[in-house]
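Below, each chain spelled out in residue letters.
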Amino acid sequence: MPSLRELRRRIRSIENTAKVTHAMEMIAASKMRKAQGAVLSGRPYAEKIQEVIANLEAQQDAVELVHPLLERRNVQDVTLIHFTPDRGLCGGLHGNLNRAVAEFILSKKGSSVQVIAVGRKGRDFIVRTGLNLKAEFTNMGDQLKVSDILPLSQMVLDEYSSVSTDEVYIAYPRFVSMAVQRPTIERVIPVDPSDLPYEAKVGYIYEPDPMGVLNVLLPRYIEMQIYHGLLELNASEQSARMVAMRNATDSANEMVDDLTLELNKVRQASITNELLDIIAGTIALKG
Amino acid sequence: MNSIELQIITAERVVYSDSVEAVVAPGIEGELGILPHHSALMTNLKAGPLMIRKDGEESFFAVTGGFLEVMDNRVTILSDAAEHSQEIDESRAQLAMERASERLENREGNLDLERALAQLKRAQIRVAVSRLRKMRRANRGL
């Protein structure tokens, strides 16, 4: 049986752990609210730009030209942008992501896949498994601006236009709810307008012309998707961390309760023993 | 009802959303004035000042490129960045402008020329827009 002192020490240390995890939960909760706000306020832009691309696609027949970013090539080289958190303590989030990415890479047998890792956890995974790491972006922080992802989007656009890569995918955890973040892999280049949930209305006047508009619009759309992936990652990371930390706090408190019970038992036992000694002593004296 | 709905949206937030009487935007092929019941239009914007008129009052935004769509008496501007003139800190914009032009003058080998030029342009527009507002206000005072 552990000593009283031993038990007291363990209870104190677990209580301290619970305090720390509780604080981390609160921090994650407030960051998550901000991250969710960012996802929501980015939505009008995303919806509008999708609508416009769907409209432009309807005009494509008239133009008889396929924009390079819409064109499907024979796929030989694939680039995957792998979004993961920089930090751990967020449950199974990056484990699930890394697994999804590994499955994706295995499914692309015929072509070579290079990975651009955003976030330390994914970078470590790619390095550890000896996959082809093209570039890494870490420490993106949690207050994202669109300008933060421009080097990344510029890089994939350059890769694509120099035919170093034929397809670009992004892998990120889609924020479904507080408890569920689903690893999602989506193709961003080439853009497939038939994926867009809008029906095309026609009858615009274009200035300078549909192609000129597309030239500027499509890169923006791709930037927007990458930005959005990162926002989703942020929201997912914070909510996964919040849930993980809540579980940690709960189980720490449970342990404290169990240990306290044991402590009381031990204390009671030692009191009983002392009493027994005293009583035995007085009986011995009388006798 | 002689007004047109205007929305200015960036990837980060909705900057402005209201019904206005007129919009003058920096189109890629020149200034573009849009009044209510304009026909459907889709155009690129270049960086420049954007003027809107509401209840006879003019106000200004600095926009840095993007798109403008007109459809069903609604104007939607998707911009890379847009700021109301009140949000612009003129002295900071001025500093940014000086910094950018300095960088262009003593340019080093690895300078991204296009980006530096864009920065300069952006700063110039912000300074210009914040001055425009002050000028209008002074004129009204006379």
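The paragraphs below set out a description of the structure included in this document. (Residues numbered from 1 in each chain as written. Chains lettered and ligands numbered in written order. Predicted model: local features only at pLDDT ≥ 70, side-chain atom pairs only at ≥ 80, totals over all residues.)

### Observations regarding the interface of chain B and chain A
Each side of the interface is counted separately: chain B has 19 residues, and chain A has 21 residues. Taken together, the elements giving at least two residues each to the side of chain B that touches chain A come down to strand 1 (4-10), strand 5 (41-45), strand 8 (66-71) and strand 9 (74-79) of chain B. Among the elements that make up the side of chain B that touches chain A, the one with the highest residue count is strand 5 of chain B (4 residues). Partitioned by chemical class, the residues of the side of chain B that touches chain A number 9 nonpolar, 6 polar and 4 charged. Alignment of strand 6 (residues 205-207) of chain A against strand 5 of chain B, held across 3 bridges, turns out to be parallel. (Contact = placed C-beta atoms within 7 Å. Helix = DSSP H or I, 4+ residues; strand = E, 2+ residues; numbered from the N terminus. Nonpolar A, V, L, I, M, F, W, Y, C, P; charged D, E, K, R; others polar. Pairing = 2+ DSSP bridges.)

### Considerations on the pairing of strand 3 (residues 22-27) of chain B
Residues and elements named next belong to chain B. Note that strand 3 and strand 6 (residues 48-54) share 3 bridges and pair antiparallel. Bridge pairing in strand 6 places Val23 opposite Ile52. Two strands pair when backbone bridges link them, and strand 3 and strand 4 (residues 30-34) are joined in this way by 5 bridges, in the antiparallel orientation. The residue of strand 4 that forms the bridge with Pro26 is Glu31. Two successive antiparallel strands, strand 3 and strand 4, enclose a turn made up of 2 residues.

### A word on the packing of helix 3 (residues 93-107) of chain A against helix 4 (residues 120-128) of chain A
Residue and element names in this part refer to chain A. Taken N-terminus to C-terminus, the directions of helix 3 and helix 4 make an angle of 45 degrees; their axes are 10 Å apart at the nearest point. Viewed along their axes, helix 3 and helix 4 adopt a mutual orientation that is oblique. Between helix 3 and helix 4 lies a crossing of right-handed hand. For the pair formed by helix 3 and helix 4, the contact residues are His94, Leu97 and Asn98 on the first element and Lys121, Gly122 and Phe125 on the second. Per-class residue counts for the contact of helix 3 with helix 4 are 2 nonpolar, 3 polar and 1 charged. (Axes fitted to C-alpha atoms, helices over the stretch in contact; angles between N-to-C directions. Parallel < 35°, antiparallel > 145°, perpendicular 65-115°, else oblique. Left-handed = near helix turned anticlockwise from the far one by under 90°.)

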